[in-house]
Each structure stands twice: as structure tokens, then as C-alpha cells.
Amino acid sequence: MPDPGSFAASVFDHFQDPLPWVAERRRRAETVRVEGGWVFAAGRGKLSAPTSSLHRRSDCGVVRKGSYISIDIRTYATAPWLARSLADSLVGS
């Protein structure tokens, strides 16, 4: 992963042209942090159980309800694809 500051700047740079309001958010941000955190998963069963629904990878995607957007990546491998899907849906591609 690149330097977190460079990564954040790159994300802002790429999104502010198709989404002009991103530039305003960037300008108003007191701080921008790129870091890991908790991972929440919808499912049932113990993580140690191979049949647990926590291990299903098919229930993922971008869900929009009004102005609310939820992204369930299920596995980090799908994160870039889902980020692209979200960006495309926001700019109407």
C-alpha cells in the first residue's frame, strides 16, 4: 500500500472531477486518515464452522436506498470491483 497521505490524495484527485462535491469535502476536511478497522459481517454461525453463512461470498454488492449506500464486500478481493461499481453508479456510467 502506498503512503496513506498519497493514497488519500489520489482518491480525492480521481473523484473530484466526476463528483464535484468531493472537492468541497476535501477542502473542509480537518484531517484525512487511511487505516484499517473492524470488519463487520452479516451471517449466522461460528466463524470456525465451514458451513457458516459467514463464509458465503455470493451475497455482496452495492445497495442503494434513497441517498443511503451500503457496500458489502464479503471478501477484500472484491473491494476494487465494488469500488468501481460504486463510482460508476455515482457518475452514471
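Residues numbered from 1 in each chain as written. Predicted model: local features only at pLDDT ≥ 70, side-chain atom pairs only at ≥ 80, totals over all residues. Heavy atoms only, no water.

Trainee: Can you help me understand the pairing of strand S2 (residues 68-72) in this one?
Mentor: Side-chain positions along a regular strand alternate between the two faces of the sheet. Summarising the sheet, strand S1 (residues 61-65) and S2 pair through five bridges and their orientation is antiparallel. Bridge pairing in S2 places Lys65 opposite Tyr68. The turn linking S1 back onto S2 is made up of two residues, and Gly66 within it adopts a positive phi angle of 65°. (Pairing = 2+ DSSP bridges. Helix = DSSP H or I, 4+ residues; strand = E, 2+ residues; numbered from the N terminus.)

Trainee: In this structure, what is going on with the pattern of salt bridges? I would like to understand it.
Mentor: Any two side chains of opposite charge can pair if their charged atoms end up close together. Enumeration over the complete set of coordinates arrives at four salt bridges. The residue Arg28 makes a salt bridge to Glu24 at a minimum N-O spacing of 2.5 Å. In this pair, Arg28 and Glu24 both sit in helix H2 (residues 21-28), four residues apart, roughly one turn of the helix. Where Asp88 meets Arg84, a salt bridge forms, and the shortest distance between an N and an O atom there is 3.9 Å. Taken together, the positions of Asp88 and Arg84, both in helix H3 (residues 79-91) and four residues apart, correspond to about one turn of that helix. What makes Arg84 exposed here is its relative accessible area of 57%. (Salt bridge = Lys/Arg side-chain N within 4 Å of Asp/Glu carboxyl O. Buried < 20%, exposed > 50% of the residue type's maximum accessible area, 1.4 Å probe, protein only.)

Trainee: Can you help me understand H3 in this one?
Mentor: Quick reminder: α-helices carry 3.6 residues per turn. Residues three or four places apart thus point the same way. Look at H3: 18 Å from first C-alpha to last across 13 residues, which is about the 18 Å you get at 1.5 Å a residue. Structurally, H3 contributes buried residues whose contacts are with helix H1 (4-16), S1 and S2. (Expected span 1.5 Å × (residues − 1). Contact = heavy atoms within 4.5 Å.)

Trainee: Please clarify how the confidence of the model for the protein chain should be interpreted in this entry.
Mentor: Confidence in the prediction of the protein chain, expressed as mean pLDDT, is 79, and 86% of residues score 70 or more. Between the elements of the protein chain, mean pLDDT differs from a low of 79, seen in S2, to a high of 90, seen in H2. (pLDDT = per-residue confidence, 0-100.)

Trainee: Looking at this structure, I do not really get the environment of Asp3. What am I missing?
Mentor: Along the chain, Asp3 turns up in the segment before H1. We classify Asp3 as partly exposed; its relative accessible area is 47%. Here the alpha-carbon distance between Asp3 and Val34, two residues 31 residues apart in the chain, equals 9.3 Å.

Trainee: Help me understand the packing of H1 against H2, please; the structure alone is not making it clear to me.
Mentor: Packed helix pairs are characterised by how far apart their axes lie and by the angle those axes make with each other. Packing of H1 against H2 brings their axes to within 8 Å, and their N-to-C directions diverge by 145°. With respect to the hand of their crossing, H1 and H2 are arranged in left-handed fashion. Side by side, H1 and H2 meet where Ala9, Phe12, Asp13, Phe15 and Gln16 of the first sit next to Val22, Ala23 and Arg26 of the second. Class assignment of the residues belonging to the contact of H1 with H2 gives a composition of five nonpolar, one polar and two charged. (Axes fitted to C-alpha atoms, helices over the stretch in contact; angles between N-to-C directions. Left-handed = near helix turned anticlockwise from the far one by under 90°. Nonpolar A, V, L, I, M, F, W, Y, C, P; charged D, E, K, R; others polar.)

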